[in-house]
Amino acid sequence: DTAVSQTPKYLVTQMGNDKSIKCEQNLGHDTMYWYKQDSKKFLKIMFSYNNKELIINETVPNRFSPKSPDKAHLNLHINSLELGDSAVYFCASRDTGEQYFGPGTRLTVT
Amino acid sequence: QQQVKQSPQSLIVQKGGISIINCAYENTAFDYFPWYQQFPGKGPALLIAIRPDVSEKKEGRFTISFNKSAKQFSLHIMDSQPGDSATYFCAGTGGATNKLIFGTGTLLAVQP
C-alpha cells in the first residue's frame, strides 16, 4: 500500500553516464514533483507535472529531463552525470494541500 | 521574495523539554505553511500545517504559532521525546503552481 514509490533507492555511477530514476504514486493525485536534497539537507524543487503537463521547471541544467507517461508516473532522466549531481532525489505527489514524498533515491556520482 | 529562513540550524533538548523552531518568509502570496519531519534515510512527512487566517494550530504535542504581520511562524514541540529526534523543515507555498519553498532545516536531538 505504498503511496509514493521510487526506484532505485541507491544509484552509484560514474561521471558521464546517463541514468534514470522512476517514480510512481497510487494516490490518484494529479500533480507530481521532483526535489533535490543536497549534502546539507537543503530541499529544492526541480520540476512539477500536473496531469502529464509540465508546470514548474526551475533553473535546472537541461541534462535533467523529466517525463510523465501518465499521471501516476514521473520519471527523471539525467544525462552526462557530473560529480555535483550527487544528492538525494525525492519524488512527491499532491492533492489539494499536502505533498506526499517518496523514500528518496540516493545518487552518488564517482 | 522566495526565501524561507529557518533557525536554529541544530537544537539539543532534554527529554520532556520544549523544542522551538522559528521560520520567516518573504513572499506575501504564500497561503499555506507546512512543517515536515524527516528521519534519516526517509522522505519528508507532513507533521502539521497552518493557513494565515489563524494564529495558532495545535495537534497533540505539536503547535504552530503564526504571526502574519511579522511574516513569521514557529513550531513548538511540547514534552519532547527521543523519538522526535529528526530534521524539521518549515515551508511556504501559494500561487498557481503551489510549489513548496523549504527552509534550511533544523536537526533536533532530544536527549534521554
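Within each chain, residue numbers correspond to sequence positions counted from 1 in written order. Just so you know, chain letters begin at A and ligand numbers begin at 1, following the order they were written in. In keeping with the model being predicted, local features are shown solely for residues with a pLDDT of at least 70 and side-chain atom pairs are shown and tallied solely at 80 or more, while totals for entire chains, interfaces and linings include all residues. Working from all heavy atoms in the structure, the side-chain values ignore hydrogens and water.

Draft legend 1. Just the overall build of chain A, in detail. Numbering goes from the N terminus for both helices and strands, where a helix is a DSSP run of H or I of at least four residues and a strand is a run of E of at least two. Tallying secondary structure elements over chain A gives zero helices and eleven strands in all. Starting at the N terminus and walking to the C terminus, you meet the elements of chain A as β-β-β-β-β-β-β-β-β-β-β. Taken over C-alpha atoms, the radius of gyration is set against a globule rule of 2.2 Å times the number of residues to the power 0.38. Relative to a compact globule of 110 residues, whose C-alpha radius of gyration would be 13 Å, chain A shows 13 Å and is just as compact. Oriented by its inertia axes, the alpha-carbon framework of chain A measures out at about 40 × 25 × 25 Å. When a residue's accessible area, from a 1.4 Å probe over protein chains only, is under 20% of the maximum for its type it is buried; when over 50% it is exposed; and in between it is partly exposed. Per-residue burial for chain A yields a buried fraction of 44% across its 110 residues. Taking the intrachain contacts of chain A between residues at least 6 apart in sequence as the baseline, contacts between residues at least 24 apart amount to 52%. Every residue pair with non-hydrogen atoms within 4.5 Å of one another is taken to be in contact.

Draft legend 2. Structural detail: the sheet that holds strand β1 (residues 4–7) of chain A. All names here are of chain A. Here four strands make up an open sheet; going across it, the order is β1-β3-β8-β7 and the pairing antiparallel. Each of the sheet's edge strands pairs with one partner strand only, and the pair in question is β1 and β7 (64–70). Adjacent strand axes in the sheet meet at a mean angle of 20° when their direction is disregarded. Note on pairing: two strands pair once DSSP finds at least 2 bridges between them. Taken together, the four bridges between β1 and strand β3 (residues 19–25) define a ladder with antiparallel strand orientation. Its bridge partner being in β3, T7 is matched across the sheet by K22. Think of each axis as a best-fit line through the C-alpha atoms, taken over the contacting stretch in the case of a helix, with angles from 0 to 180 degrees between the N-to-C directions.

Draft legend 3. Spatial organisation of the nonpolar core. By size, the foremost hydrophobic cluster in this structure holds 24 residues, and its most contacted members are B:W35, B:F73, B:L75 and B:Y88. Breaking this core down by element, the ones donating at least two residues are β2 (10–14), β3 (19–25), β4 (33–38), β5 (45–50), β7 (62–67), β8 (72–77), β9 (86–92) and β11 (106–111) of chain B. For this analysis, a nonpolar core means a set of buried residues of the types Ala, Val, Leu, Ile, Met, Phe, Trp, Tyr and Cys, connected via side-chain atoms within 4.5 Å. By size, the runner-up hydrophobic cluster in this structure holds 20 residues, among which are A:L11, A:C91, A:L107 and A:V109.

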